[in-house]
Amino acid sequence: MVQHKARAIAVANEKGGVGKTATVINLAAAFSQADQSVLVVDMDPQANATKGLGVALDDNALSVYDLIVDNGSPPAAGAVVPTAWDRLHLIPAHVDLSGAEVELVDAEGRENRLKEALAPLFDAYDFILLDTPPSLSLLTVNVFTCATEVLVPCQTHPYAYGALAELFDTIDAVREEINPDLAMCGIVPTIVDLRTRVAKVILGQLKGDARYRDLLFNTAIRSNATIAESVDAGKPVVFYRRSSYGAKDYKALAEEIMAMTGA
Ligand SMILES: Nc1ncnc2c1ncn2[C@@H]1O[C@H](COP(=O)(O)OP(=O)(O)OP(=O)(O)O)[C@@H](O)[C@H]1O
Ligand SMILES: [Mg+2]
């Protein structure tokens, strides 16, 4: 069997609706098309990545909740489900994940639960992509503890640039206290409409700021209605309509990430 050592990429931004989930599912699909084996882990109780990959979870199926909450939890491999596409697997989320924070409040090593559960799977994939909820919760901390890298989608929206500083402070705190090896994968501008002034201003701010400049990908994800359509259809855009801007942009981003030497 081929041995892999997964790059585990957390896709995170505490702001809601900035394209985290769209980035997770479409990047995962683009990696899989490039012959990489990929596991998506849906750590958001909204379960948007699960739905966006066309997976309908039946109530008895294991989800990421079972891996992090149960003591003596089942092996993570038992929660992995295939998708309709080769080399693209998923550990789904279920709405019960929203209770995990409360249930784990007194649990020992509670921020390590996901890392411990997924450890045996790192040898089975090239990439593990972790979707996070739009808040700094215990779920996000579990993702940062388990990840080797963080990818930050930044919407070209008035408050997005200011919010990045907060996110970077959070990542610094995680490095200091929990995961010193957590690397920056990069910042990708999302939902970009270059005809608007605000998009140009925000891209200019990112390029002009020494904290972010070197982390910025060359690829920006343009605003593209086909992406929203494909999410609703439960198909990543690279499979839904390969000629779309969305498909092209996510493929270009995947190429850039694969070309990095790795964390
Ligand atoms: N490049 C894009 N162009 C147009 N629409 C997009 C694009 N990327 C995402 N969207 C749409 O914008 C909305 C928010 O995207 P998404 O769900 O990926 O954000 P999110 O950061 O995961 O949100 P949340 O914080 O709620 O988890 C969705 O309806 C999605 O389909
Ligand atoms: Mg989301």
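Note: the structure precedes this text.
Cut-offs used in this document
Throughout this document, residue positions are counted from 1 along each chain, in the order its sequence is written. Both sets of labels track the order of writing: A upward for chains, 1 upward for ligands. Per-residue local features are limited, in this predicted model, to residues with pLDDT of at least 70; the limit for side-chain atom pairs, both in listing and counting, is 80 or more; totals at the level of whole chains, interfaces and linings are taken over all residues. With hydrogens and water stripped out, all remaining heavy atoms of the structure feed into the side-chain values. Throughout, near means a residue has at least one heavy atom within 4 Å of the molecule or strand. What qualifies as a polar contact is a pair of N or O atoms within 3.5 Å, subject to a donor-acceptor requirement within protein and to the restriction that residues adjacent in sequence count only when both atoms come from side chains. Only the protein chains shown count as covering a residue, and every accessible area follows the Shrake-Rupley method with a 1.4 Å probe. Numbering goes from the N terminus for both helices and strands, where a helix is a DSSP run of H or I of at least four residues and a strand is a run of E of at least two. Three classes are used: nonpolar for Ala, Val, Leu, Ile, Met, Phe, Trp, Tyr, Cys and Pro, charged for Asp, Glu, Lys and Arg, and polar for all others, with Gly counted as polar. The rule is simple: take the accessible area with a 1.4 Å probe, protein chains only, and divide by the maximum for that residue type; under 20% is buried, over 50% is exposed, in between is partly exposed. Contacts between residues were defined by any pair of non-hydrogen atoms, one from each residue, lying within 4.5 Å.

> Is there a simple way to explain the site of ligand 1 in this structure?
Around ligand 1, 18 residues are found, and the nearest of them are Val18, Lys20, Thr21, Ala22 and Asn224. At a separation of 3.0 Å, an oxygen atom of ligand 1 approaches a polar backbone atom of Gly17. In the complex, 79% of the free accessible area of ligand 1, which totals 630 Å², lies under the protein chains. Looking at the shell around ligand 1, the elements that each hand over two or more residues are helix H1 (20-33) and helix H9 (225-232). Tallying contributions element by element places H1 first for the shell around ligand 1, with 3 residues. Broken down by class, the residue content of the shell around ligand 1 amounts to 7 nonpolar, 7 polar and 4 charged.

> What is the right way to read helix H6 (residues 138-146) from this model?
For an α-helix, 3.6 residues make a turn, and residues three or four places apart therefore share a direction. Among the 9 residues that make up H6, 9 are buried, leaving the element largely enclosed by the rest of the structure. Restricting attention to buried positions, one finds in H6 the residues Leu138, Leu139, Thr140, Val141, Asn142, Val143, Phe144, Thr145 and Cys146.

> Just checking my understanding: could you explain the side chain of Thr50 for this structure?
Assignment of secondary structure puts Thr50 in helix H2 (residues 48-52). Given the relative accessible area of 2%, Thr50 is considered buried. In this structure Thr50 touches Asp42, Val55, Leu90, Pro92 and Ala93, once residues within four positions along its chain are discounted.

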